[in-house]
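# Report on the structure
Chain by chain, the residues:
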Amino acid sequence: MRIIPAIDIIDGKCVRLSKGDYDTKIIYNENPLEVAKSFEAHGIEYLHLVDLDGAKSSKIVNYKILEKIATQTSLQIDFGGGLKSDDDLKIAFESGASQITGGSIAVKNRAIFEKWISEYGSEKIILGADAKDEKIAVSGWLEDSNEDLIPFIQEYQTKGIQYVICTDIAKDGMLQGPSFDLYKKILAEANGVKLIASGGISTFDELPKLAELGCEGTIIGKAIYEGRITLKQLEDYIIKK
């Protein structure tokens, strides 16, 4: 299972929210590049970079930070937050993203998201399926939709999607453990999906359990910043694999 630390950006700084609420913002570091380099120094190869300003303003905002991390580390970056147009996507890939994650766009403008899948291929485009009570949430989780989570994933599988990041919003940033039952259900019903678990990771012991379930990757945020999971533990886990 791939270990994918998260860096969320507001005003160029590395922050974390709880349950996607912008009012709960905690700044952990003024310099995201420094954070990314510390991940790389511990053998981590992947990064989940989220442009929270972009998610709010519905267009890419923090692409310069993406470019800086992409050019000054060897991390493979998946980038999301506010990608709404062909131009946004072009900027993200030109700035060094290996993959992009589309969440709101996959609900609100299916035609363009499906076009991205066919143009760029399923290795490059990740479906962001963020859920609250098994309903998809959009716009930086500020809005609920009527989309049911699993049928939503299944439908996009028919369009070629392989990678899906699923965050249970109720768990995100709460350090109370991930949604094991939800992930089990998705893996059972969305056959062949490469599921990346996100939200709620609080202790190192949860990682082998997610791997055992069949998750392809896991995104870890606040647990790293709060020292619940050390980079040394992640380094040892990666080496043992």
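See the structure printed just above.
Only a predicted model underlies this, so the values are computations on that prediction, with no experimental measurement involved.

Rules and cut-offs
- Residues numbered from 1 in each chain as written.
- Predicted model: local features only at pLDDT ≥ 70, side-chain atom pairs only at ≥ 80, totals over all residues.
- Heavy atoms only, no water.
- Buried < 20%, exposed > 50% of the residue type's maximum accessible area, 1.4 Å probe, protein only.
- Helix = DSSP H or I, 4+ residues; strand = E, 2+ residues; numbered from the N terminus.
- Pairing = 2+ DSSP bridges.
- Axes fitted to C-alpha atoms, helices over the stretch in contact; angles between N-to-C directions.
- Left-handed = near helix turned anticlockwise from the far one by under 90°.
- Contact = heavy atoms within 4.5 Å.
- Nonpolar A, V, L, I, M, F, W, Y, C, P; charged D, E, K, R; others polar.
- Salt bridge = Lys/Arg side-chain N within 4 Å of Asp/Glu carboxyl O.
- Phe/Tyr/Trp six-rings, centres within 6.5 Å; stacked < 30°, edge-to-face > 60°.
- Lys NZ or Arg CZ within 6 Å of the ring centre and 35° of its normal.
- Polar contact = N/O pair within 3.5 Å; in protein donor to acceptor, adjacent residues only side chain to side chain.
- Arc of directions from axis to C-beta.
- Core = buried A, V, L, I, M, F, W, Y, C linked by side-chain atoms within 4.5 Å.

Okay, the pairing of strand β12 (residues 217-220) next. Along any regular strand, the residues point their side chains to alternate faces of the sheet. Here β12 shows a buried face lined by Gly217 and Ile219 and a second buried face lined by Thr218 and Ile220. Where strand β1 (residues 2-10) meets β12, four bridges bridge the pair, whose relative direction is parallel. Residue pairing in the sheet places isoleucine 3 in a bridge with threonine 218 of β12. Relative to β12, strand β11 (residues 194-198) is paired through three bridges, and the arrangement is parallel. Considered in β12, the bridge of isoleucine 196 is made with glycine 217.

Here we take up the packing of helix α7 (residues 149-158) against helix α8 (residues 180-189). Contact geometry for α7 and α8: axes closest at 10 Å, N-to-C directions at 40 degrees. Note on packing geometry: the crossing formed by α7 with α8 is right-handed. Contact residues: α7 offers Leu149, Ile150, Ile153 and Gln154, while α8 offers Leu182, Lys185, Ile186 and Glu189. Residues belonging to the contact of α7 with α8 are distributed by class as follows: five nonpolar, one polar and two charged.

A word on the pattern of salt bridges. Applying the stated criterion across every chain yields a total of 13 salt bridges. The residue arginine 16 makes a salt bridge to aspartate 8 at a minimum N-O spacing of 2.9 Å. In this structure arginine 16 comes out as buried when scored by relative accessible area, which is 8%. Aspartate 8 gets classed as buried once you look at its relative accessible area, which sits at 10%. Where glutamate 147 meets arginine 110, a salt bridge forms, and the shortest distance between an N and an O atom there is 2.4 Å.

Once that is clear, we can look at the packing of aromatic side chains. Within a pair of aromatic rings, the relevant descriptors are the distance that separates the centres and the angle that separates the planes. The full count for this structure, using the stated rule, is six aromatic pairs. Through pairs of rings, three or more aromatic residues link up here, namely Phe113, Trp116, Phe152 and Tyr156. Here arginine 2 stacks its cationic end above the ring of tyrosine 46, 4.6 Å away from the centre of that ring. Over the ring of tyrosine 22 we find lysine 56, and its NZ or CZ is 4.3 Å from the ring centre.

Time to look at the environment of lysine 171. You can see lysine 171 is positioned in the loop between β10 (163-168) and α8. Sequence-wise, lysine 171 and glycine 80 are 91 residues apart; in three dimensions their C-alpha atoms are separated by 19 Å. Beyond its immediate chain neighbours, meaning those up to four positions away, lysine 171 contacts Gln176, Gly177, Pro178, Ser179, Gly199 and Gly200.

This paragraph deals with the side chain of serine 95. Note that serine 95 resides in the loop between α4 (86-94) and β6 (99-102). Within the local environment of serine 95, its side chain forms a polar contact with the backbone oxygen of isoleucine 91, the two atoms lying 2.7 Å apart. Sequence-distant contacts of serine 95, that is, excluding residues within four places in its chain, are made with Tyr63, Leu66, Glu67 and Ala70.

On to helix α1 (residues 32-41), then. Burial in α1 covers these residues: Pro32, Leu33, Val35, Ala36 and Phe39. Projected onto a plane normal to the axis of α1, the buried residues spread over an arc of 160 degrees and lie on a single side. Capping the start of α1, asparagine 31 holds a side-chain oxygen 3.1 Å from the backbone nitrogen of leucine 33, two or three residues further along. Glycine 43 lies just past α1 and shows a positive phi near 80 degrees.

Turning next to the nonpolar core. Soluble globular proteins tend to bury their nonpolar side chains together. Ranked by size, the top nonpolar core spans 68 residues in total, and within it Ile7, Ile69, Phe113, Leu149 and Ile186 carry the most contacts. The dominant element in this core, judged by the number of residues it contributes, is α7, at five residues. Apart from the residues lying within four places of it in its own chain, the contact partners of leucine 149 are Ala129, Ala131, Glu134, Ile136, Cys166, Leu182 and Ile186.

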